[in-house]
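An overview of the molecular structure
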Amino acid sequence: MQTPPRSQTSWFRQTAGGGALALLLLTTTRAQTTDPNKPWPFAPRATSAPPAAATPRPAAATPGTIAPVATPRPFGAAAAPDQGPREVPLVEKKWDELVNKEVSKDGTTALEIEKDKWKHAETENFILHYRRATEAQKVAREVEYDLWFVAKTLGATKDRYQRKSHVFIFEDEDEWKKFVGLTKAPAWSASFAYGDELFLNVRRTEGPKRFDSNTLAHETTHAVVARLFPQKRWPLWLNEGWAEYMGGASVAARKGQSVKGHQARLRLAEMPLATLEALKEYPSDEASVRQLYQTSEKLVRFLMDEMPKERILQFIDAALAGKSLRDSVLEVYGDKVKDWPDFEKKFEKFTK
Ligand SMILES: [Zn+2]
């Protein structure tokens, strides 16, 4: 039996088909002990899947507080102030009326639990399955905004993400545990993304266990990436760094916060870049995991804040093409830094 979860952790992996599985977990504050020889914590879903790569999302440096993060405006926003979706109508539909009923195996499993109690609704870009409209409405508003924010930042037009993603919203702890027990996700999972689907455990209770917007935005970012870059496997650091950075930035932008200077929050962003880049799987000890997430976020933050942010897609493309971090940086930002050591020095000093 799990001890009561205290801190947030998230997990991510990708299958050979490019489907991303990102898990948000609630773990105890004690370090997770893992067997490094085991494809932990998931068995591959596809026979040709690459080695499992999964990792806890480290708890916030200051538990209980969510530090505001830098809030870059999406590209073009300054010229044409587009505030993103605010009012998101939730249109309840019968199952048979849904625009697409293709769900994953886990989705089918979810829908079979207390089958008659599921309600369904569509928004512009998502299909939600839920028990209570109140929570579904909140999730709908946030995932639509996160999708808009991430897609806009990546310069992605609507035609690149036309098919609606399914979102499964659980509110009952026992029901969620039952569901997780029927999937390959670890028993202590609180939420996860698989491909472009989101499985969320949204508790009704207030308090530290409450599902928070930053977590939702982090997982939604993974789902949006899966939607925009099908069949692509992102380097571990870029995937988690992007989700951490964009998740925080989306929430801040939605709330109208414009805060810089919170790089100080990333106290553990001290992993050498060579080590960071070499990581193909999540480390098994919590300290290294935190370093991975924070250093990754710092690196994405540095590229977005200190380098011309409109080149980020070019950088992502270089990284996805298999180029090294050094080569990608020098190819895309070569006019901004003297050489690689110069980039490393500037990154080290970066504290915004
Ligand atoms: Zn993640």
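Residues numbered from 1 in each chain as written. Predicted model: local features only at pLDDT ≥ 70, side-chain atom pairs only at ≥ 80, totals over all residues.

Quick look at the pairing of strand β6 (residues 165–170) now. Burial of β6 is extensive: six of the six residues sit out of reach of the surface. Because side chains alternate across β6, one face comprises the buried residues S165, V167 and I169, and the other comprises H166, F168 and F170, equally buried. Here four bridges tie strand β5 (residues 126–130) to β6, and the two strands are oriented parallel to one another. Opposite H129, over in β6, you have F168 as the bridge partner. With respect to chirality, the unit in which β5 leads through helix α2 (residues 133–153) into the neighbouring parallel β6 is left-handed. Where β6 and strand β8 (residues 197–201) come together, four bridges link them in parallel fashion. Opposite I169, over in β8, you have L200 as the bridge partner. (Buried ≥ 20, exposed ≤ 12 C-beta atoms within 10 Å, placed from the backbone. Helix = DSSP H or I, 4+ residues; strand = E, 2+ residues; numbered from the N terminus. Pairing = 2+ DSSP bridges. Right-handed = clockwise from strand over helix to strand, strands pointing away.)

Turning next to the environment of T295. The residue T295 is located in helix α7 (residues 286–305) in this model. Put simply, T295 and M271 are 24 residues apart on the chain and 6.1 Å apart in space, counted from C-alpha to C-alpha. Setting aside chain neighbours within four positions, we find T295 in contact with A269, E270, M271 and L276. (Contact = placed C-beta atoms within 7 Å.)

Averaged over every residue, the pLDDT of the chain is 77; residues scoring 70 or more account for 72%. Element-level pLDDT for the chain is lowest in strand β1 (residues 7–14), with a mean of 36, against a maximum mean of 98 in helix α9 (residues 325–333). Scored below 50 in pLDDT, residues 1–81 shows 189 contacts in the model against residues more than four places distant or in partner chains. (pLDDT = per-residue confidence, 0-100.)

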